[in-house]
Amino acid sequence: MHPARKLRLWAQSATLLSLVVAQAHAADYGSGAISDKAFNPAISLILDGQYASYSNNDTARDVPGFQLGEEAGGFAEGFTLNESELNLQANVDDKFYGASTISFGYDGGETSVEMEEAYLQTLTLPAGLQVKAGKFFSGIGYINAIHGHATSFVDDPLPYRVMFGGRLSDAGVQLTWTAPTILYIQLGAELLSGNS
């Protein structure tokens, strides 16, 4: 997708309003655990706005050999409010961390509400192991598990748009192992339901 000009409003992640009951992003990014100083649960609301302008009027993209879903199309021109998210995160106890993300979108005159993520993740398994179960963004590729408002670009890379329609999110179980080395090495496997 190659629009001539795109300007993301309000500094890429476009957090217009943030209801932070706790330090939602004081989490330890590697383990997902909320720090000891944070309230439990952490709640945040993210509103993502943007402005888009194209040199041609063709916002629908064609990729030869692929049948693209609706998520693979272009953005509407002008000012828009993209998908908004309500995030809830909490340490269940010293062994489990839970998170959920509810997304709100507006497309074609209709509002949609979707449970993007709702999962439990272990915190204290031995030997660098970690298990995540529920509905979550798959760990396939580098950016799939990162929400769109947190990336450094407006639209997803073409392989994600063509193969997954944006991001691959499904219900299942994920097992990861982080090697005890100076160089960060993490291996993982997932068993997903295939409904997405």
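On a predicted model such as this, the values are computed, not experimentally measured, just so you know. (Residues numbered from 1 in each chain as written. Predicted model: local features only at pLDDT ≥ 70, side-chain atom pairs only at ≥ 80, totals over all residues. Heavy atoms only, no water.)

### Observations regarding a nonpolar patch on the surface
(1) Moving on: Together, L125, L129, L175, W177, L183, I185 and L187 line one region of the surface with nonpolar side chains, adding up to about 610 Å² of accessible area.
(2) Moving on: Assessed through its relative accessible area of 41%, L175 is described here as partly exposed. (Patch = residues over 30% accessible without salt bridge, like charges linked within 9 Å, V, L, I, M, F, W, Y side chains within 5 Å. Areas by Shrake-Rupley, 256 points an atom, 1.4 Å probe, with all protein chains shown as cover. Salt bridge = Lys/Arg side-chain N within 4 Å of Asp/Glu carboxyl O. Buried < 20%, exposed > 50% of the residue type's maximum accessible area, 1.4 Å probe, protein only.)

### Some points on the pattern of salt bridges
(1) Moving on: In the structure shown here, the tally under the stated rule is two salt bridges.
(2) Moving on: We note a salt bridge from D94 to K95, for which the minimum N-O separation is 3.7 Å.
(3) Moving on: Judged by relative accessible area, which is 43%, K95 ranks as partly exposed.
(4) Moving on: With a shortest N-O distance of 3.7 Å, E114 and K135 are connected by a salt bridge. In this pair, E114 sits in strand 7 (residues 110-122) while K135 sits in strand 8 (residues 129-137), placing the two residues 21 residues apart along the sequence.
(5) Moving on: For K135, a relative accessible area of 23% translates into the label partly exposed. (Helix = DSSP H or I, 4+ residues; strand = E, 2+ residues; numbered from the N terminus.)

### Notes on the packing of aromatic side chains
(1) Moving on: All told, the structure shown has one aromatic pair when counted by the stated rule.
(2) Moving on: The cationic tip of K132 hangs over the ring face of Y119; the distance from NZ or CZ to the ring centre is 4.6 Å. (Phe/Tyr/Trp six-rings, centres within 6.5 Å; stacked < 30°, edge-to-face > 60°. Lys NZ or Arg CZ within 6 Å of the ring centre and 35° of its normal.)

### Digging into the environment of I185
(1) Moving on: Relative to the helices and strands, I185 resides in the loop between strand 9 (169-178) and strand 10 (186-192).
(2) Moving on: Take I185: its relative accessible area is 34%, and that puts it in the partly exposed class.

### What to know about the confidence of the model for the protein chain
(1) Moving on: Chain-level pLDDT for the protein chain is 75 on average; 68% of the residues reach the 70-or-more range.
(2) Moving on: Of all secondary-structure elements in the protein chain, the lowest mean pLDDT belongs to strand 1 (residues 5-7), at 32, while strand 8 reaches the highest, 97.
(3) Moving on: A low-confidence stretch, residues 1-31 (pLDDT under 50), is modelled with 85 contacts involving residues beyond four sequence positions or located in other chains. (pLDDT = per-residue confidence, 0-100. Contact = heavy atoms within 4.5 Å.)

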